[in-house]
Amino acid sequence: MQDLINFIEHIENNEWEQKSLDLNSGRLTQLETPGALHFLPKENVSSQKLALSCGVHGNETAPIEILWDILESIKSHNLMPNIEVLFLFGHTKAMLEHKRFIDFNLNRLFSENYKNYPDAQESKRAHELESVMYTFFDAPSFEHWHLDLHTAIRGSHHERFAVRPYYQDNRAVSQNELNLCSALGVQAILKTVSAATTFAGFSATKINAQSFTVELGKVAPFGKNDLQKFESAKKTLIKILAQGSLHLTESTDAPIVYDVKKELINDHDNYEFFIGSDYLNFSPLEEGQEIERNEKGILCAQKGQSIVFPNPHVPIGQRTGLLVQAQ
Ligand SMILES: [Zn+2]
């Protein structure tokens, strides 16, 4: 653990340097961008490229520990990846301060939204991360994949879930995507219906990557994660790197796919939100259960519906949650 902390401090102390390590399996390079590492296999036969990012929210430590362990395995020759991989450690300053972010939520600044927040220190980082992604995914002949790994603050009815970004053709979740999510232990996929300024949203829209924001479990400080709970996700990532492909075999327990039915918006002065603060993401609502009082009246739940990311404490015009429906 101390090695990982030293690594993060190293970046924050401006001691990061561009350098390469030659291994039997290939070359691991610390790129010019701090916190970005590139692995190129000696004989690259894979038709895919994979970006793995963690710590875009600084206090979501489990994915940071997982990627660090994977890098250690590569360096010690215990893991020989057969795919080109970009490893990204997102918000190192917030990691050291045990915070989600410092000035502004980094995971809302992508797809050039950072231009609208020039004073936030996260804006510079969003720009850097975008640049390194454009460089890495410069060859259209490869299949592009990006997994942005997170952990959640609020509990969830589905412990592990993935947010599938929006694509212009509004395509269905593919069998490959279902197999991948299932292997990561993901029980639910939220299929979004509009472009977002998240990191995964950027990869989908600008890089044409198949990408997911993956919520792997609950947030905890460094060294305090119940690593058992993250084991299946870690094993799957290792398997993907070793076999050089994200095309995994079909599993019997496919995740449930949820469609967004409505963005709930605080739309007037007397807006009310009836979902309790102890509500777990994706918990099934009762048919007829009151959700909100919006400008048009009271909105009630239909069969098979639930809420994701409820947050009533937002100004008028902003989102109080997503009403979703299982496919
Ligand atoms: Zn997060």
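What comes next is a walk through the structure. (Residues numbered from 1 in each chain as written. Predicted model: local features only at pLDDT ≥ 70, side-chain atom pairs only at ≥ 80, totals over all residues. Heavy atoms only, no water.)

Remark: helix H2 (residues 61-75) packs on helix H7 (residues 231-243), axes separated minimally by 11 Å, with the N-to-C direction vectors making an angle of 40°. Considering the angle they form, H2 stands oblique to H7. The two elements H2 and H7 meet at a crossing, and its hand is right-handed. Facing Ile66, Leu67, Asp69 and Ile70 of H2, the residues of H7 in contact are Lys234, Leu237, Ile238 and Leu241. Residues that form the contact of H2 with H7 fall into these classes: six nonpolar, no polar and two charged. (Axes fitted to C-alpha atoms, helices over the stretch in contact; angles between N-to-C directions. Helix = DSSP H or I, 4+ residues; strand = E, 2+ residues; numbered from the N terminus. Parallel < 35°, antiparallel > 145°, perpendicular 65-115°, else oblique. Left-handed = near helix turned anticlockwise from the far one by under 90°. Contact = heavy atoms within 4.5 Å. Nonpolar A, V, L, I, M, F, W, Y, C, P; charged D, E, K, R; others polar.)

The protein atoms that coordinate the zinc ion are His57 (ND1), Glu60 (OE), Glu60 (OE) and His150 (ND1), at distances of 2.0 to 2.4 Å. In this structure, the zinc ion is coordinated by four donor atoms arranged in irregular fashion, with angles at the metal of 57 to 144°. When the donors of the zinc ion are listed by position in the chain, the intervening gaps give H-x2-E-x89-H. Taken together, the residues span a long stretch of sequence, with Glu60 in the loop between strand E4 (48-54) and H2 and His150 in strand E6 (residues 143-152) at a distance of 90 residues. Each member of the pair, Glu60 as well as His150, carries the same accessibility label: buried. (Donors = N, O, S within 2.8 Å, 3.2 Å for Na, K, Ca; no water. Tetrahedral: all angles 85-135°; square planar, octahedral: opposite > 155°, others 65-115°. Buried < 20%, exposed > 50% of the residue type's maximum accessible area, 1.4 Å probe, protein only.)

The next point concerns the sheet that holds strand E13 (residues 297-300). In space, the three strands of this open sheet follow the order E11-E12-E13, with antiparallel pairing throughout. For this open sheet the edge positions go to strand E11 (272-273) and E13, each flanked by a neighbour on one side alone. Bridge analysis of E11 against strand E12 (residues 290-294) gives two bridges, and the strand direction is antiparallel. Bridge assignment links Glu272 to a residue of E12, and that residue is Arg293. (Pairing = 2+ DSSP bridges.)

Attention now moves to the pattern of salt bridges. Inspection of every chain in the model, using the stated rule, returns 17 salt bridges. Across the salt bridge formed by Asp138 and Lys49, the nearest N and O atoms sit 3.7 Å from each other. Here the residue Asp138 occupies a position in the loop between helix H4 (121-136) and E6, and Lys49 occupies one in strand E4, the gap between them amounting to 89 residues. We note a salt bridge from Lys115 to Glu112, for which the minimum N-O separation is 2.7 Å. (Salt bridge = Lys/Arg side-chain N within 4 Å of Asp/Glu carboxyl O.)

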